[in-house]
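For reference, the chains in residue letters:
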Amino acid sequence: MAQTKVALEELNYDEQISYFPEHTWVRVKEDNITIGISDYAQDQLGDLIFVELPAVGDEFQRGETFGQAESAKTVSSLIMPISGKVTAVNEALEDAPDLLNRTPYQEGWIINIEAKDMTELKELLTLDQYKELLRNQA
Amino acid sequence: MSITIFTATGCTRCKIVKGYMEAHQIEYVEKDMKAEGKDEFQSFYKANRNAVFRGADGIEFPIITDGKNIRQSIGAAIAYLHAGQKLEGYFSVGTLHKEWVDGIHLSGGNPEYGDELIQVLKYIKGNNMKLQIDTDGRNSQILERVIGENLADVLIMDVIAPLELYGQILEKEINTEEIVKSLSFITKFPEAKLQTSIRPVRRADGSISYLTPDEIADIAKLIQEGTGSNKCRYLLKLSKPQDSNDKELQKVAPLLSNQLFSYRNKARTFLVFAEIEK
């Protein structure tokens, strides 16, 4: 992705989630595993106008593209942070893709999955590690 | 006719298209995709995503629609507003920025509507834009008018093949005298650029092969004879078979840039300044 547009310290982060270097995140809450994109990612993309979502039942390996986020300026692939099968998609994004801009960690979640290999969770980045990654990319 | 125009804040080309509609009393509603029109543009994009062209720098604005047809870019929008569908094929979404407008194809449309095309070009140029116009030699009369009326800032002629292969490549009957006439006209324009993409061609026997160095020599000879000069700027370009509309041609492996040296050497027999695109 391109040089950050907002200073890294001005971005929002969530301490309760794990991050993937391709700027997606994973939240595990009881049996529910949710995936979205980080505030950094949405900031890079700009105002989103369309999100291409997968279908429930689709399966993806870690690192595979599971969807696409489109702004007027650019198109970016959404990259799977862990392997799994899609159990739900955020249909609200179809009519309001800007939820990803406004609230990327809450209403702007993208998919829920059933994880294929829970050990992959341990390989994700903590918030501090993710911030370090962003600093190194800046 | 009531038009919706999707614009981007501060977009000069959008202002020119709006100016055209105001000058011609065409009713329109503006939706700025970064301001009050954000939601409408999202809905429009969702419904018409396949019809909206996205280049390397994103979506080109303005986009206009009358509810039935969608036109994108300054040229295609004004052409549609000015003449409906008569100017189909003359404009596409370009890649140049600021005051430069490209995606203007003199050979792409119906020559019966040359007057309307000239009017559109005059309007755009009259708004302090610079025009990069291309031709493959067809519609030579329109090229002559564009040069005569000083409408082009850059003219590019893509001499796509030796005359006997023109129709084969374009998949239609071609009056090759048009190509020769265009070559004679284009020398009157100081900023003219002549070029050929080394492309794969479906031959008369059904086989597919790249233009050969000898065929490039034939093109160079054609240019030399047509322009009366062996000092024309002539550029040899690599083609991208994967961008072809023909699925069989898409499968052809791209040439490597060092494979163009033999083409350049042949071309220089007739055009001493022939070069390979860098």
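Caption draft 1: How the structure looks around the packing of helix H5 (residues 140-148) of chain B against helix H7 (residues 176-186) of chain B. Residues and elements named next belong to chain B. Taken N-terminus to C-terminus, the directions of H5 and H7 make an angle of 10°; their axes are 9 Å apart at the nearest point. With respect to H7, the element H5 is oriented roughly parallel. Every residue of H7 that contacts H5 at Ser140, Leu143, Glu144 and Ile147 is listed here: Glu178, Lys181, Ser182, Phe185 and Ile186. The residue inventory of the contact of H5 with H7, partitioned by class, reads four nonpolar, two polar and three charged.

Caption draft 2: Fine view of the pattern of salt bridges. As enumerated under the stated definition, the model contains 26 salt bridges over all chains in all. Put simply, glutamate 132 of chain A and arginine 135 of chain A hold a salt bridge, and the shortest N to O gap is 3.1 Å. Of this pair, glutamate 132 of chain A and arginine 135 of chain A both sit in helix H4 (residues 127-137), separated by three residues, roughly a single helical turn. On the basis of relative accessible area, glutamate 132 of chain A is assigned to the partly exposed category, the value being 38%. Across the pair arginine 268 of chain B and glutamate 275 of chain B runs a salt bridge, and its minimum N-O distance is 2.8 Å. The class of arginine 268 of chain B is partly exposed, set by a relative accessible area of 32%. By sharing partners, the salt bridges in this structure join Glu52 and Glu70 of chain A together with Arg49 and Arg54 of chain B into a single network.

Caption draft 3: Molecular detail of the sheet that holds strand E6 (residues 65-71) of chain A. Judged by pairing direction, the sheet is antiparallel, and its three strands sit side by side in the order E4-E6-E7 (chain A) without closing on themselves. Both edges of this open sheet fall to strand E4 (48-52) and strand E7 (75-79) of chain A, since each of them pairs with a single strand only. Across the sheet, the mean angle from the axis of one strand to that of its neighbour is 25°, orientation sign disregarded. Two elements, E4 of chain A and E6 of chain A, share four bridges in a ladder whose sense is antiparallel. Across the sheet, valine 51 of chain A pairs through a bridge with alanine 69 of chain A, a residue of E6 of chain A. Strands in contact with helix H2 (residues 38-48) of chain B are E4 and E6 of chain A; relative to E4 of chain A, the strand with the most contacts, it is inclined by about 35°.

Caption draft 4: Structural detail: the side chain of glutamine 42 of chain B. Locating glutamine 42 of chain B in the fold gives a position in helix H2. The exposure class assigned to glutamine 42 of chain B is buried, which follows from its relative accessible area of 5%. When near neighbours in sequence (up to four residues on either side) are disregarded, glutamine 42 of chain B contacts Leu48, Ile49, Asp95, Ala96, Pro97 and Asp98 of chain A.

Caption draft 5: How the structure looks around the environment of glycine 67 of chain A. Residue and element names in this part refer to chain A. Mapped onto the fold, glycine 67 is located in strand E6. In this structure the C-alpha to C-alpha distance between glycine 67 and aspartate 43, which are 24 residues apart in sequence, comes to 18 Å. Setting aside chain neighbours within four positions, we find glycine 67 in contact with Glu52, Ser76, Ser77 and Leu78.

Caption draft 6: Molecular detail of the packing of aromatic side chains. Inspection of the entire model under this criterion finds 10 aromatic pairs over all chains. Where tyrosine 19 of chain A meets tyrosine 130 of chain A, the ring centres are 4.4 Å apart and the plane angle is 5°; that geometry is what we call stacked. Taken as a pair, tyrosine 19 of chain A in strand E1 (residues 18-19) and tyrosine 130 of chain A in helix H4 lie far apart in primary sequence, 111 residues in all. On the accessibility criterion, tyrosine 19 of chain A (0% relative accessible area) is buried. Relative accessible area serves as the criterion here: at 0%, tyrosine 130 of chain A is assigned to the buried category. Aromatic ring contacts, followed pair by pair, group Phe50 of chain A together with Phe6, Phe41, Phe44, Tyr45 and Phe61 of chain B into a single cluster. Its guanidinium or amino end placed over the ring of tyrosine 80 of chain B, arginine 71 of chain B lies 4.7 Å from that ring's centre, counting from NZ or CZ.

Caption draft 7: Expanded view of the packing of helix H3 (residues 74-83) of chain B against helix H4 (residues 114-125) of chain B. Residues and elements named next belong to chain B. In contact at an axis separation of 10 Å, H3 and H4 are set at 130° when each is read in the N-to-C sense. Here H3 lies oblique to H4, going by the angle between them. For H3 against H4, the interelement crossing comes out right-handed. Contacts between H3 and H4 pair Ile74, Gly75, Ile78, Ala79, His82 and Ala83 from the former with Glu116, Gln119, Val120, Tyr123 and Ile124 from the latter. Split by residue class, the contact of H3 with H4 holds seven nonpolar, three polar and one charged.

Conventions used here
Every residue gets a number counted from 1 within its own chain, in the order that chain's sequence is written. Following the order in which they are written, the chains are lettered starting with A and the ligands numbered starting with 1. In view of the model being predicted, local features appear only for residues whose pLDDT reaches at least 70, and side-chain atom pairs are presented and counted only at 80 or more, with totals across whole chains, interfaces and linings using the full set of residues. Side-chain measures were taken over the full set of non-hydrogen atoms in the model, leaving aside hydrogen atoms and water. Only the stretch in contact is used when a helix axis is fitted, and all axes are lines through C-alpha atoms; the angle between N-to-C directions ranges over 0 to 180 degrees. Put simply, DSSP H or I for four residues or longer makes a helix, DSSP E for two residues or longer makes a strand, and each gets a number counted from the N terminus. In what follows, roughly perpendicular refers to angles from 65 to 115 degrees, roughly parallel to angles under 35, roughly antiparallel to angles over 145, and oblique to any angle outside these ranges. Only heavy atoms matter for contacts: two residues are in contact if any of them lie within 4.5 Å across the pair. Amino acids are sorted into nonpolar (Ala, Val, Leu, Ile, Met, Phe, Trp, Tyr, Cys and Pro), charged (Asp, Glu, Lys and Arg) and polar (every other residue, Gly among them). Throughout this description, the term salt bridge denotes a Lys or Arg side-chain nitrogen within 4 Å of a carboxyl oxygen of Asp or Glu. Only protein chains enter the accessibility calculation, which uses a 1.4 Å probe; a residue is then buried when its area is under 20% of its type maximum, exposed when over 50%, and partly exposed in between. We treat two strands as partners when DSSP finds at least two bridges between them. Any two rings among Phe, Tyr and Trp, with Trp reduced to its six-membered ring, count as a pair given centres within 6.5 Å; such a pair is stacked if its planes are under 30 degrees apart, edge-to-face if over 60, and tilted if neither. Placement of a positive charge over a ring is assigned whenever Lys NZ or Arg CZ falls within 6 Å of the ring centre and within 35 degrees of the normal to the ring plane. Rotating anticlockwise by less than a right angle from the far helix to the near helix defines a left-handed crossing, while the corresponding clockwise rotation defines a right-handed one.

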